[in-house]
Structure formats: C-alpha cells, structure tokens
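The residues making up each chain are set out below.
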Protein chains: 2
Amino acid sequence: MPSTRLPILSMRQQICDALRGEIMAGEISSNEPVREQNLAKRFGVSRNSVRDALLQLSQEGVLIYSPNCGVRVGSPPTQKESRLYAKLRREIEMHSLEVTLSSWTKEDDCNLNRLQRILSAACEQRDLKAITETDLAMHRYWVSKASKELESVWLGITVRMLIAYSQLNNFMQCSLEHAAIVEAIACRDLSAAKKAVELNIRSK
Amino acid sequence: MPSTRLPILSMRQQICDALRGEIMAGEISSNEPVREQNLAKRFGVSRNSVRDALLQLSQEGVLIYSPNCGVRVGSPPTQKESRLYAKLRREIEMHSLEVTLSSWTKEDDCNLNRLQRILSAACEQRDLKAITETDLAMHRYWVSKASKELESVWLGITVRMLIAYSQLNNFMQCSLEHAAIVEAIACRDLSAAKKAVELNIRSK
DNA sequence: AATTGTACAATTGTCGACAATATGATTATT
DNA sequence: AATAATCATATTGTCGACAATTGTACAATT
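Residues numbered from 1 in each chain as written. Chains lettered and ligands numbered in written order. Predicted model: local features only at pLDDT ≥ 70, side-chain atom pairs only at ≥ 80, totals over all residues. Heavy atoms only, no water.

Student: Hey, could you go over the protein's contact with DNA strand C for me, with residue numbers and the actual values?
Tutor: Close to DNA strand C lie 18 residues; Ser46(A), Asn48(A), Arg47(B), Arg51(B) and Tyr65(B) are nearest. The sugar-phosphate share of atoms of DNA strand C within 4 Å of the protein amounts to 69%. In this structure, a phosphate oxygen belonging to DNA strand C sits 3.3 Å away from a side-chain N or O atom of Ser49(A). Within the side chain of Tyr65(B), a nitrogen or oxygen atom sits 2.5 Å from a phosphate oxygen of DNA strand C. Among the secondary structure elements, those contributing two or more residues to the surface near DNA strand C are α3 (47-60) of chain A together with α3 (47-60) of chain B. Broken down by element, the surface near DNA strand C gets its largest block of residues, three residues, from α3(B). (Near = heavy atom within 4 Å. Polar contact = N/O pair within 3.5 Å; in protein donor to acceptor, adjacent residues only side chain to side chain. Helix = DSSP H or I, 4+ residues; strand = E, 2+ residues; numbered from the N terminus.)

Below you can see the structure in the form of structure tokens.
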C-alpha cells in the first residue's frame, strides 16, 4: 500500500503548477509564444496533457489564448487594475477567514506552520520563486477551506496580481507579515487575522 | 474571402456556452454526474473536445472536478457568498465602465442595442434561459472591452451568481434595468451608467 | 450474518496520428 | 521593382484507441 497521504496530483495539475511558478517568477517572456510541442517533450508527456494545462492557465488569466495561434504570457496589470485586484483579494480572503476560522483544527495549524517555515527559509535565501509559490500556497489554504468554487475565482485574481511581483525588495518583511497572520490564526483571533491579512495584500 | 465577420467559435467554446446556459437555467441537476461520453455523442464530437469544455467550466467554477471521478454541477452559493459575489461583480464592472466609456464607439452602441432588443424579447416571452444568457452577454460586453484577463475572473464570479438565478420573478424589471444602462452608456454618462449597473447587480 | 477479497463494468487519463489552420518563403504577374 | 498568388512548413484542433483508475456486484471466509 502506498505510504503517501497526499492525493496524487494529475499530470495536468503538475504541469500547471510548474508553469504557473515559472511565469510568476518572470522566467518566461511576455512576447515569446509558448509552444505545446516543446513543453510536451520537456515534461515527457503527450501534447494533449500540455494542452489541458495551458487551457487551465488561460482560464486562470495567466496565459492569453488565441484560437489557432496558441498562448502567450499575459501582460502585467496596469496600476489601476492592480488596485482593483488587491481590493477583490481582500474581500475574498476576509470572507474566507470569517467562514473558516470557527472550524479551524490543530491539523490546519500544523499545515500552516509548515508553510510558514518554508516561506521563512525561502526569504532568507532570497529564492523569489519559492517565496512566491509559498506565499500563494498559504493564502490559498484558507480560501480553499472556505470554498472550492471560490478558490478558482480567487486564484485567477491572485495569480494575475503576482505576475508583477518580481521586484520584491524587502524579503524579511514578507516572512514577518505571514508569521503575524499565522500567529493570529493560531490564537483564533479573527479580527487580528483579518487585519494582518489585509495589511499583507497590497498593490505593488 | 470569407463573408463572416464574426470569428468562428471553437468547438470547445460552443460546447462551453451550451452547457453553461443549461446549467445556469437549472436544467442539469446538482447530483447527477456529467458523463463525457454522453455529451460527446450528443454534440457529435470526440470525447476530447468535451473534456476541454468540462475542464474550462470547472475552472470557471460552474462545475466541480474530481480527479478520476468526473465533474458535477456546483452547488448554489450560500447567501453570504452571494453577497460577496455581488460586491466583487460591482467592483469589476464599475472599473470596466470607468476604463472603457471614454473610448466607446458607435459600433459598441449598436452591439449593445442589439443585445437589449434580444433581452427585451426574451423577457416578454418569459424565456428564462435566453434572459440569463443575454443578461450575461451584455455585462460581459463592457468587461471584455476593458480587459480580456479581467473577463475570465469576472465570468467565474458572475456565472456562480447566476446559478441561483432560476427564480426570476419580475421579467419586465430586468428588461427595464438594462434599458436604463444602455441609455446611460449611449449618453456617455459615466456616473449614471455606474449607478444603473450597480442597481442591477444584487444578490438574490 | 458480517466482512473481506476478487473479478467485472464503467469511466476517466493518456497517447500518437491525422486534419485544419496560420505563418513565412517563393514564384509569377503587372 | 512592387504586388499578388502559391506553395511549403510549422502549429494548433480533432479524433479514435488503449491504459489506468474507480465503483460495484458477487463470492469466499470467518
């Protein structure tokens, strides 16, 4: 019997996560087209699985899809759009905290602490890609707990925001802010948690 | 040279639109699973195209996807969620109007008027499915004009809201509200347009 | 009788091949 | 020489088939 508790991620999901990480870290130019064949060879899977992943990322707003012409990386949001995204994110995460905090378990605490340790380490090493991914994973945790349907909406907004994330200057601040969030949640202090999350979500 | 001006919709898009309409109109139960094979036969296409469509609808939040177990129709949002969705929608549509109205063309007026006529007719005939679809198409018009990336975020929110739309009681009000929006836009009156849209978007 | 184990059917996941379409280079025409 | 038409290549769209997985009915065991 398999020892892993975690569900085995589908091929599509793995490719999605990998590409999303690279795009958010700015490793793929906004101009050069993304080719299905190349990715298929690179991941060692069929073009069909890659297509599914690209389609999903298009739906998330990370990639822009043009029929018969493939996909390209979406351009970063304007300042006005960034402010809008930040506002939407705050609304969703405030809602999620309100809904979930009452049924928060010790296991949730444990999971969140684990992510916080990863984030802290990534900040110390100035590993931008890891920081972005873990940051995303932490916020995603409480949103996902609130509602799977809401999660997909939230992801689209947040990923779009983080595309412009590349120039993060203060690494320690990022770690500290999330530590404050985790701490507030551990105390089941809703208003403190909301305040801490609200501070962390801002347009760059 | 081809005579059609409109872009030919991909198979996936056609299936998406059809299924989304049916789901929003409540024609598919929330319990019965959606089978790829059935849909493939029904639309006369391969299972692969259906898969793409189901995947996209899952990403929109209309369907819930479980690996190796297919998809099912998402459950309607709670009242608290509905209020959240309404708030998010208002924010996005206000933003879109602000951004687009200055570059609104006569062609846009024409397109919107056409949709309004369709909506009006659908309201008179009490055709709930047509009403929902046209309502969606109208709002989508200005959001899409503002930003393709924003559009996908908006669509996820709005479709989720409209799933619970089934019990629309006052058909004429719907038509009148949209007429007011179109009128305000035709006059390029931003604040009136914003007010009219804001009134129209509410949690049921 | 309840529980476990096993074979079977139904369904989703993945693949390679071919068709349709777009892009770019080449040739023919004025 | 400039432009238009044509062909060649590359890329995406679609398909049918097979592999992997899940759920279920049924038999074997205690």
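Moving on from the model shown.
Student: Lay out unusual backbone geometry with the relevant residues and their values.
Tutor: The phi dihedral of Arg126(A) falls on the positive side, at around 55°, and the residue is not glycine. Within the secondary structure layout, Arg126(A) lies in the loop between α5 (106-124) and α6 (128-146).

Student: Run through the packing of helix α7 (residues 148-162) of chain A against helix α7 (residues 148-162) of chain B, naming residues and quoting values.
Tutor: Taken N-terminus to C-terminus, the directions of α7(A) and α7(B) make an angle of 165°; their axes are 10 Å apart at the nearest point. Here α7(B) runs roughly antiparallel to α7(A), going by the angle between their axes. You can see that α7(A) and α7(B) cross each other, and the crossing is left-handed. Of the residues in α7(B), those in contact with Glu149(A), Val153(A), Gly156(A), Ile157(A) and Arg160(A) of α7(A) are Glu149(B), Val153(B), Gly156(B), Ile157(B) and Arg160(B). Residues belonging to the contact of α7(A) with α7(B) are distributed by class as follows: four nonpolar, two polar and four charged. (Axes fitted to C-alpha atoms, helices over the stretch in contact; angles between N-to-C directions. Parallel < 35°, antiparallel > 145°, perpendicular 65-115°, else oblique. Left-handed = near helix turned anticlockwise from the far one by under 90°. Contact = heavy atoms within 4.5 Å. Nonpolar A, V, L, I, M, F, W, Y, C, P; charged D, E, K, R; others polar.)

Student: Before we move on, could you go through the environment of Arg47(B) and cite the residues and values that matter?
Tutor: Residues and elements named next belong to chain B. Following the sequence through the fold, arginine 47 ends up in helix α3. Along the sequence, arginine 47 and glutamate 36 sit eleven residues apart, while their C-alpha atoms lie 6.0 Å from each other. In this structure, arginine 47 is in contact with Glu36, Gln37 and Ala40, ignoring residues within four places of it in sequence. A distance of 2.4 Å separates a polar atom in the side chain of arginine 47 from a polar atom in the side chain of glutamate 36.

Student: Any details on the relation of the copies chain B and chain A? Residues and values, ideally.
Tutor: When chain B is fitted onto chain A, the two copies agree to an RMSD of 0.0 Å after a turn of 180° and an axial shift of 0.0 Å. Taken together, the rotation and translation describe the operation of a two-fold axis. Taken together, the interface assignments show that 97% of the residues at the interface of chain B recur at the interface of chain A, consistent with an identical surface on both copies. (Least-squares fit on C-alpha atoms with pLDDT ≥ 70 in both.)

Student: Any chance you could break down the interface of chain B and chain A for me, citing the residues and the numbers?
Tutor: Between chain B and chain A, the contact holds 33 residues from the first and 32 residues from the second. Looking at the side of chain B facing chain A, the largest losses of area belong to Leu55(B), Gln59(B) and Glu149(B), adding up to 21% of the total buried there. Our enumeration of links across chain B and chain A arrives at eight salt bridges. Contributions of two or more residues to the side of chain B that touches chain A are made by α3, β1 (63-66), α4 (79-100) and α7 of chain B. Looking at which element gives the most residues to the side of chain B that touches chain A, the answer is α4(B), with eleven residues. (Buried area = accessible area lost by both parts, 1.4 Å probe. Salt bridge = Lys/Arg side-chain N within 4 Å of Asp/Glu carboxyl O.)

Student: Please set out the packing of helix α4 (residues 79-100) of chain A against α7(A) residue by residue, giving values where relevant.
Tutor: All names here are of chain A. The geometry of α4 relative to α7 is characterised by a closest axis approach of 9 Å and an angle of 145° between their N-to-C directions. The handedness of the crossing between α4 and α7 is left-handed. Only Leu150, Val153, Trp154, Ile157, Thr158, Arg160 and Met161 of α7 make contact with α4, whose side of the interface consists of Glu81, Tyr85, Ala86, Leu88, Arg89, Ile92, Glu93, His95 and Ser96. The class makeup of the residues in the contact of α4 with α7 is nine nonpolar, three polar and four charged.

Student: Before we move on, can you summarise the side chain of Arg89(B) with the specific residues and values?
Tutor: One can find Arg89(B) in helix α4. Under the relative-accessibility criterion, Arg89(B) is labelled buried at 5%. (Buried < 20%, exposed > 50% of the residue type's maximum accessible area, 1.4 Å probe, protein only.)

Student: Can you lay out the protein's contact with DNA strand D for me, pointing to particular residues and giving the numbers?
Tutor: By nearness alone, 18 residues border DNA strand D, and Arg47(A), Arg51(A), Tyr65(A), Ser46(B) and Asn48(B) come closest of all. Each atom of DNA strand D within 4 Å of the protein was classed as base or backbone; sugar and phosphate made up 67%. Here Val34(A) contributes a backbone N or O atom positioned 3.5 Å from a phosphate oxygen of DNA strand D. With respect to DNA strand D, the backbone of Asn68(A) contributes an N or O atom lying 3.0 Å from a phosphate oxygen.

This is a description of form; function is not addressed.
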